[in-house]
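Chain by chain, the residues:
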Amino acid sequence: MAITFSDLHTETGLKSLDEFLFGKSYISGDHLTKDDVKVYAAVRGTPGDQFPNASKWYSCVSSHLAKRAQVRRNQLQDGSSTSQNKAT
């Protein structure tokens, strides 16, 4: 599903996102998708308290992305230490 929002750096854009997210946890469906990541990238920081749905969604996406990044870092570190062990 191609969801688009415009002007997510403005109050009007954030209000539109906040209203869209009312009663939802994610942009499309019931789990994190590329739609969430795309919209997240367009938002310039955590939405303020006046946008509770957008703020909750932003925190949730931030948490998911941070966990994925940590898993990826761990995988890269494990791979490089395995490579180093094989070289010795």
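Residues numbered from 1 in each chain as written. Predicted model: local features only at pLDDT ≥ 70, side-chain atom pairs only at ≥ 80, totals over all residues. Heavy atoms only, no water.

**A short note on the overall build of the protein**
Put simply, the rule reads: Strands here are runs of E lasting at least two residues and helices are runs of H or I lasting at least four, both read from the DSSP assignment and numbered beginning at the N terminus. Note on definitions: a residue-residue contact is assigned when non-hydrogen atoms from the two residues lie within 4.5 Å. Surface exposure here means Shrake-Rupley accessible area, sampled with a 1.4 Å probe, where a residue is shielded only by the protein chains that are shown.
Helix and strand counts for the protein come out as 3 helices and 0 strands. In the protein, the succession of α and β elements from N to C terminus is α-α-α. Taking the intrachain contacts of the protein between residues at least 6 apart in sequence as the baseline, contacts between residues at least 24 apart amount to 53%. When the accessible surface of the protein is totalled, it reaches about 6,200 Å², and 52% of it is carbon and sulfur.

**Focus: the nonpolar core**
So the rule is basically this: Only buried Ala, Val, Leu, Ile, Met, Phe, Trp, Tyr and Cys residues count toward a nonpolar core, and they belong to the same one when joined by side-chain atoms within 4.5 Å. Residue burial is assigned from relative accessible area. The probe radius is 1.4 Å, only protein chains are included, and a residue is buried under 20% of its type maximum, exposed over 50%, and partly exposed in between.
Core analysis: the biggest nonpolar cluster contains 16 residues, and L17, L21, I27, V39, V43 and W57 have the highest contact counts within it. Those elements giving two or more residues to this core turn out to be helix 1 (11–20), helix 2 (34–42) and helix 3 (52–87). The element contributing the most residues to this core is helix 3, with 4 residues. Discounting chain neighbours no more than four positions away, the residues touching W57 are L17, L21, S25, Y26, I27, D36, V39, Y40 and V43.

**Thoughts on helix 2**
To be explicit about the condition: Here the arc refers to the directions that run from the helix axis out to each C-beta atom.
Inspection of helix 2 places D35, D36, V39 and Y40 among the buried residues, and these make up the whole buried set. Down the axis, helix 2 shows its buried residues gathered within 130 degrees of arc, on one side only. Projecting away from the buried face of helix 2 at angles above 90 degrees are the exposed residues K34, K38 and A41.

**Points about the confidence of the model for the protein**
The predicted coordinates of low-pLDDT regions are not to be read in fine detail. Defined as follows: pLDDT runs from 0 to 100 and stands for how confident the predictor is about each residue.
In this model, the protein carries a mean pLDDT of 88, and residues with pLDDT of at least 70 account for 88%. Mean pLDDT in the protein bottoms out at helix 3, which sits at 82, and peaks at helix 1, which reaches 96.

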